Amino acid sequence: MEEHRDRITIKDEQGVERELIVEALFDMEEDSYALLKDQDETLLMKIEQQGEEQFLVPIEDPHIRNSILDAYEIALDAAPGDNEDF
């Protein structure tokens with residue numbers, strides 16, 4: 001049985017498109033984030049709102065990225081019944 005996951009297509013700075021699986025969407029403090037995955041890697045992107053449109057922005061600083069991922073893992077561990085889809 002194939003698992004149903006939301007998928008999105010993103011385009012990088014060079015115009016190359018990638019299809020990614022949306023593993024999780026979550027808010028932390030005042031910001032929203034998307035955890036995206038393909039065959040090769042998992043990406044953490046910040047969701048920014050500009051008017052009616054949303055944009056995914058990479059988080060370049062590894063310290064910030066790691067602290068967000070650590071906090072996300074702690075939240076998942078604290079609520080194990082709520083993350084069955086992740």
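Reading guide: rules and limits
Residues numbered from 1 in each chain as written. Predicted model: local features only at pLDDT ≥ 70, side-chain atom pairs only at ≥ 80, totals over all residues. Heavy atoms only, no water. Pairing = 2+ DSSP bridges. Helix = DSSP H or I, 4+ residues; strand = E, 2+ residues; numbered from the N terminus. Axes fitted to C-alpha atoms, helices over the stretch in contact; angles between N-to-C directions. Contact = heavy atoms within 4.5 Å. 1 Å grid on protein atoms, 1.4 Å probe; cavity = no way out; pocket = protein on both sides within 12 Å on 5 of 7 lines; lining within 4 Å. Points joined across faces, edges and corners; volume = space filled by probe spheres on them. Nonpolar A, V, L, I, M, F, W, Y, C, P; charged D, E, K, R; others polar. Expected span 1.5 Å × (residues − 1). Buried < 20%, exposed > 50% of the residue type's maximum accessible area, 1.4 Å probe, protein only. Arc of directions from axis to C-beta. Salt bridge = Lys/Arg side-chain N within 4 Å of Asp/Glu carboxyl O. Core = buried A, V, L, I, M, F, W, Y, C linked by side-chain atoms within 4.5 Å.

What to know about the sheet that holds strand 5 (residues 53-58)
Read from one edge to the other, the open sheet built from five strands follows the order 1-2-3-4-5, with strand pairing classed as antiparallel. In this open sheet, the two edge strands, each paired with only one partner strand, are strand 1 (7-11) and strand 5. Here the strands of the sheet are splayed against their neighbours by 45° on average, with no regard to which way each runs. Bridge count between strand 3 (residues 31-37) and strand 4 (residues 42-50): six bridges; the pairing is antiparallel. Within strand 4, the position partnered with Leu35 by the bridge is Leu44. Contacting strand 2 (17-28), strand 3 and strand 4, helix 1 (residues 62-78) crosses the sheet at an angle of about 65° to strand 2.

Focus on the layout of surface pockets
A volume near 220 Å³ is recorded for the largest pocket. At the level of secondary structure, the elements contributing two or more residues to the lining of the largest pocket comprise strand 1, strand 4 and strand 5. Its residues assigned to classes, the lining of the largest pocket shows six nonpolar, no polar and five charged.

What to know about helix 1
Between its first and last C-alpha atoms helix 1 spans 24 Å; for 17 residues at 1.5 Å apiece the expected length is 24 Å, and the two agree. Restricting attention to buried positions, one finds in helix 1 the residues Ile68, Tyr72 and Leu76. One side of helix 1 holds all its buried residues, which, seen down the axis, span an arc of 80°. Facing away from the buried surface of helix 1 by more than 90 degrees, the exposed residues are His63, Ile74, Asp77 and Ala78.

A word on the pattern of salt bridges
Per the counting criterion, the structure on display carries four salt bridges. One salt bridge in this structure joins Asp31 and Lys46, with 3.6 Å as the shortest N-O distance. Of this pair, Asp31 sits in strand 3 while Lys46 sits in strand 4, and the two are 15 residues apart along the sequence. For Asp31, a relative accessible area of 27% translates into the label partly exposed. Here the residues in one salt-bridge network are Arg18, Asp38 and Glu41, joined through shared partners.

Observations concerning the environment of Leu69
With respect to the secondary-structure elements, Leu69 resides in helix 1. For the pair formed by Leu69 and Leu44, sequence separation is 25 residues and the distance between their alpha carbons is 8.1 Å. Excluding residues that lie within four positions of it along the chain, Leu69 makes contacts with Leu35 and Leu44.

Thoughts on the nonpolar core
Of all hydrophobic cores here, the largest spans 10 residues; its members are Ala24, Phe26, Met28, Tyr33, Leu35, Leu44, Ile59, Ile68, Tyr72 and Leu76. Of all the secondary-structure elements, those providing two or more residues to this core are strand 2, strand 3 and helix 1. Formed by seven residues, the second largest nonpolar core is a distinct cluster that contains Val22, Leu36, Leu43 and Met45.

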